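Working through the structure, step by step
Spelled out from the first residue to the last, the chains are:
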2 protein chains.
Amino acid sequence: MQTRDLAQAVIAGDRRALARAITLVESGRADHREAAAELLEVCAKSGRQALRIGLSGTPGVGKSSFIEAFGTMLTGQGLRVAVLAVDPSSARSGGSILGDKTRMERLSRDPRAFIRPSPSQAELGGVARRTREAVALCEAAGFDVVLIETVGVGQSETLVAGMTDIFVLLLAPAGGDELQGVKRGIMEMADLIVVNKADGDLKHTATRTCADYAGALRLLRKRPQDPEGFPKALTVSAVEEHGLDRVWNEIRDLAEWRSSSGHLASRRAEQARGWFEEEVRQGLLARLTRDPVVKGEMDRLGQSVEAGDIAPARAASRILSQIKG
Amino acid sequence: MQTRDLAQAVIAGDRRALARAITLVESGRADHREAAAELLEVCAKSGRQALRIGLSGTPGVGKSSFIEAFGTMLTGQGLRVAVLAVDPSSARSGGSILGDKTRMERLSRDPRAFIRPSPSQAELGGVARRTREAVALCEAAGFDVVLIETVGVGQSETLVAGMTDIFVLLLAPAGGDELQGVKRGIMEMADLIVVNKADGDLKHTATRTCADYAGALRLLRKRPQDPEGFPKALTVSAVEEHGLDRVWNEIRDLAEWRSSSGHLASRRAEQARGWFEEEVRQGLLARLTRDPVVKGEMDRLGQSVEAGDIAPARAASRILSQIKG
């Protein structure tokens with residue numbers, strides 16, 4: 001299929017075309033990159049945009065159950081929901097996130113939902129690029145909500161927050177005032193803290209955990225782009241499907257507030273510019289490993305450096321002047 | 001002064017020349033980079049090498065006092081000691097590490113010692129390059145020991161461990177079994193854990209903290225390059241100058257063991273190769289901001305991306321093909 005035909009099929013809402021398009025943007029091959037750029041440009045012309053929600057939660061907080069219940073509630077309201085994953089560890093673990101769609105059995109069979117596991121790429125930069133592009137494709141395909149989930153480790157939250165409109169932190173009930181070791185930086189990124197498992201024996205603990213976080217959030221400075229009361233902490237029970245509507249209402253209210261103030265549009269414009277700059281950096285660095293001549297010279301000079309025959313800085317300046325020429 | 005004359009003055013042990021040479025390698029200017037590469041190449045011909053020791057410790061563990069006492073002990077044995085600092089926060093804080101030499105009053109007046117604060121550069125990559133090059137200059141200047149200190153935050157330990165022969169983690173006495181939240185990754189980098197402040201009221205706590213760490217270290221797998229018993233945990237008192245000789249003996253024993261097994265040489269060769277590759281990456285990325293034509297085009301396209309006139313990936317591929325040509 002030609003790239004333009006593929007783009008048209010994506011825009012027409014063809015799910016298999018969407019899956020193929022995402023596979024294309026995941027490829028690192030130079031000719032695929034060129035085709036992907038064209039695909040994205042045609043898709044961008046659709047002008048469609050979804051609400052982009054980032055969702056972070058460490059293993060064990062019930063992320064899959066939450067997405068299953070939350071996504072099903074949204075599709076029940078007639079909304080089309082795409083779920084993407086950013087898992088920096090997927091290359092090693094073989095894709096722990098969403099690798100097993102059976103954990104979201106209902107949602108994966110839902111005609112209004114589209115679930116795509118994290119690509120198994122080694123570098124976070126590569127996963128980031130693919131995810132940004134997959135979001136753009138899902139938007140062109142007419143999805144109303146794009147949910148990007150990530151595990152609560154390292155830099156992946158920053159990355160997901162940098163490509164979404166609203167960032168939700170999912171937590172499990174925890175004993176006492178330990179606040180589960182959530183880093184201040186991650187707290188500061190969260191628009192909504194959602195304490196899951198507010199059911200059965202854990203209900204009381206969940207309520208207390210939520211109050212602890214609400215208190216912690218009050219210590220953070222209110223962001224100028226937000227209405228009074230945000231960021232907020234809420235409890236839900238994914239298994240009892242309780243509190244999910246409130247989460248959705250809060251997300252929608254916040255998105256509407258930010259949209260009417262112009263903040264949403266300017267945030268997206270900044271994110272797009274950041275994406276462009278990152279893409280240039282990655283593309284430049286990729287030449288070192290992809291161009292066989294440069295790669296061969298890197299290897300040869302690297303061996304000379306190891307052997308002590310040439311100083312590292314001199315070897316580097318030699319290769320840099322070659323790339324220039 | 002010509003670059004070659006400067007190199008000769010460094011090799012002759014001229015301290016002012018060494019300070020000037022480090023200032024030169026700290027510069028980001030293209031002509032300075034070229035001169036720095038030449039300088040480093042001439043200096044490398046001296047063939048001199050120092051024992052490179054990395055020292056990490058969070059504020060409050062008494063790092064300055066330890067370096068003052070430890071360094072003075074070494075110079076008292078006739079050794080020449082250079083102290084460099086890697087402080088990723090120095091750009092913001094104005095150089096919190098070693099900015100105030102009065103904290104090492106004796107050592108800074110010691111003719112056998114050379115102390116250089118962390119450069120105030122924003123990016124860790126830039127600080128890393130400069131530090132590697134400063135180490136090479138100190139070695140050419142005939143220093144026997146180069147101590148590179150860093151604060152215990154983020155990636156700076158990994159960076160310092162990647163440019164040293166031996167990595168020492170300095171800690172303060174801590175209550176109970178909390179192990180001061182030292183990350184496992186940092187524990188695994190440490191060759192020696194040194195619990196400072198084993199004096200006065202804290203002496204008992206220091207001994208217990210040391211035992212806790214010794215226990216934790218035993219849980220780590222022994223590294224093939226190390227003799228039995230490493231990594232080790234020790235207590236010292238910098239203010240009472242107690243235990244410093246034992247730290248030095250352990251460092252020397254470990255260095256000799258690794259040297260005779262060939263590990264030290266192969267580790268340095270690998271580090272040099274890594275330095276070369278990193279230098280190439282940094283040099284390549286620097287073109288985006290230093291070349292006025294490329295920078296202007298980046299700005300222009302960045303604005304178009306922000307305005308939504310061109311897709312980020314397309315804009316990136318456009319600029320990449322320009323840089324190629």
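The name an unreviewed UniProt entry gives chain A is Methylmalonyl Co-A mutase-associated GTPase MeaB, with Albidovulum marisflavi as the organism.

1. Let's talk about the relation of the copies chain A and chain B
Laying chain A over chain B is done by rotating through 180° and shifting 0.0 Å along the axis; what remains is an RMSD of 0.1 Å. Look at the turn and shift together and you get a two-fold axis relating the two. A share of 100% of interface residues in chain A that are also interface residues in chain B marks the association as one of identical surfaces.

2. Some words on the interface of chain A and chain B
Contacts between the two partners involve 40 residues from chain A, matched on the other side by 40 residues from chain B. Scanning the region where chain A abuts chain B turns up eight salt bridges. A salt bridge links Arg273(A) to Glu306(B); its shortest N-O distance comes to 3.4 Å. At the boundary of chain A with chain B, the tally comes to 10 residue pairs in polar contact (both at pLDDT 80 or more). Listed by contribution, the elements that provide at least two residues to the side of chain A that touches chain B are α3 (30–44), α12 (263–290), α13 (292–306) and α14 (312–324) of chain A. Considering every element that reaches the side of chain A that touches chain B, the biggest residue donor is α12(A), with 14 residues. Looking at the side of chain A that touches chain B residue by residue, the class counts come to 22 nonpolar, five polar and 13 charged.

3. Points about helix α1 (residues 3–11) of chain B
One turn of an α-helix holds 3.6 residues; hence residues three or four places apart share an orientation. Buried within α1(B) are the following residues: Thr3(B), Leu6(B), Ala7(B), Ala9(B), Val10(B) and Ile11(B). A positive backbone phi angle near 90° is found at Gly13(B), which sits one or two residues after α1(B).

Rules of the game
Residues numbered from 1 in each chain as written. Chains lettered and ligands numbered in written order. Predicted model: local features only at pLDDT ≥ 70, side-chain atom pairs only at ≥ 80, totals over all residues. Heavy atoms only, no water. Least-squares fit on C-alpha atoms with pLDDT ≥ 70 in both. Contact = heavy atoms within 4.5 Å. Salt bridge = Lys/Arg side-chain N within 4 Å of Asp/Glu carboxyl O. Polar contact = N/O pair within 3.5 Å; in protein donor to acceptor, adjacent residues only side chain to side chain. Helix = DSSP H or I, 4+ residues; strand = E, 2+ residues; numbered from the N terminus. Nonpolar A, V, L, I, M, F, W, Y, C, P; charged D, E, K, R; others polar. Buried < 20%, exposed > 50% of the residue type's maximum accessible area, 1.4 Å probe, protein only.

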